[in-house]
Amino acid sequence: MLKTIQTTFSNDVINDQVQGDYFSQGNFSAAELIQIYRNHYILSLIGTLKSSYSCILRLVGEGFFTLLAKNYISEHPLSAGYLQNYGHFFAQFLKGFKPCKPYPYLIDIVYFERYYE
C-alpha cells in the first residue's frame, strides 16, 4: 500500500497530471499542492545541472541554460533517489536539441565537465 502511494506521488510530481487521490484541506487543491513539490523537484534538478555543467551555463547564459535544463528534465526524469549521476545523458541530449545545432562544441565541453568532475 505504501509503495503504491509513493509511486503514485512520485509520478504525479514528475508528470503534468495528478492521478493520486490526495487529502486536501484549506485553500489549495491537491493539484496545487503537488505543483509545489513539482516546482521544487525541477528547481533542484536545474541546480544540479548548473553545478555539474557550470562552463556550459557561463557559455550559454542563465536563460538558455534553464531552457536546456527543463527540456532535459522532461526527457530524463530523476530515476534514483540521489543526484550524483544526474545529467549523465546531457551530451546526448544536446546532440538532439535543435537550438544547440549551431554550437556543436558544447557537446565536447559537456563531456569534459562530466569526466573532470
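Look up: the structure comes first, before these words.
Calculation criteria
- Residues numbered from 1 in each chain as written.
- Predicted model: local features only at pLDDT ≥ 70, side-chain atom pairs only at ≥ 80, totals over all residues.
- Heavy atoms only, no water.
- Core = buried A, V, L, I, M, F, W, Y, C linked by side-chain atoms within 4.5 Å.
- Buried < 20%, exposed > 50% of the residue type's maximum accessible area, 1.4 Å probe, protein only.
- Helix = DSSP H or I, 4+ residues; strand = E, 2+ residues; numbered from the N terminus.
- Contact = heavy atoms within 4.5 Å.
- Axes fitted to C-alpha atoms, helices over the stretch in contact; angles between N-to-C directions.
- Parallel < 35°, antiparallel > 145°, perpendicular 65-115°, else oblique.
- Left-handed = near helix turned anticlockwise from the far one by under 90°.
- Nonpolar A, V, L, I, M, F, W, Y, C, P; charged D, E, K, R; others polar.
- Phe/Tyr/Trp six-rings, centres within 6.5 Å; stacked < 30°, edge-to-face > 60°.
- Salt bridge = Lys/Arg side-chain N within 4 Å of Asp/Glu carboxyl O.

Trainee: Describe the nonpolar core, naming the residues involved and giving the relevant values.
Mentor: Formed by 23 residues in total, the largest nonpolar core has its most connected members in Leu49, Phe65, Leu68, Phe90 and Leu94. Secondary-structure elements contributing two or more residues to this core are α2 (30-52), α3 (54-60), α4 (62-75), α5 (90-96) and α6 (105-116). In terms of residues, this core owes the most to one element, α4, which gives five residues. Ignoring anything within four residues of it in the chain, the contact list for Leu94 reads Leu68, Cys100, Leu106, Ile107 and Val110.

Trainee: Could you give an account of the packing of helix α1 (residues 2-14) against α2, with specific residues and numbers?
Mentor: Two numbers describe how α1 lies on α2: the axes approach to 8 Å, and their chain directions differ by 70°. It follows from the interaxial angle that α1 and α2 lie roughly perpendicular. When you trace α1 past α2, the crossing you get is right-handed. Facing α1, whose interface residues are Phe9, Asp12, Val13 and Ile14, α2 presents Ile34, Tyr37, Arg38 and Tyr41. Its residues placed into classes, the contact of α1 with α2 shows six nonpolar, no polar and two charged.

Trainee: Could you give an account of the packing of α2 against α4, naming the residues involved and the relevant values?
Mentor: The contact between α2 and α4 brings their axes to 10 Å, and the two run at 115°. When you trace α2 past α4, the crossing you get is right-handed. Listed contacts from α4 to Tyr41, Ile42, Leu45, Ile46, Leu49 and Lys50 of α2 are Glu62, Phe65, Thr66, Ala69, Lys70, Tyr72 and Ile73.

Trainee: Explain the packing of aromatic side chains residue by residue, including any values.
Mentor: Enumeration according to the criterion identifies 11 aromatic pairs in this entry. Relative to Phe90, the ring of Phe65 lies with its centre 6.1 Å away and its plane at 50°, an arrangement referred to as tilted. Taken together, the positions of Phe65 in helix α4 and Phe90 in helix α5 put the pair 25 residues apart, joining distant regions of the chain. Like Phe65, the residue Phe90 is buried in the burial classification. On the numbers, 5.5 Å between centres and 80° between planes, the contact of Tyr72 with Phe93 is edge-to-face. Separated by 21 residues along the polypeptide, Tyr72 in helix α4 and Phe93 in helix α5 bring together distant segments of the chain. Aromatic ring contacts, followed pair by pair, group Tyr53, Phe64, Phe65, Tyr72, Tyr86, Phe90, Phe93 and Phe97 into a single cluster.

Trainee: Account for the pattern of salt bridges, naming residues and giving values.
Mentor: For the structure on display, the rule yields one salt bridge. Among the ionic pairs, Glu62 bridges to Lys50, the shortest N-O distance being 2.2 Å. Of this pair, Glu62 sits in helix α4 while Lys50 sits in helix α2, placing them 12 residues apart in sequence.

Trainee: So, the side chain of Arg38: which residues are in play, and what are the values?
Mentor: Assignment of secondary structure puts Arg38 in helix α2. Owing to a relative accessible area of 6%, Arg38 belongs among the buried residues under this scheme. Here Arg38 is in contact with Asp12, Val13, Asn15, Asp16, Gln17 and Val18, once residues within four sequence places are set aside.

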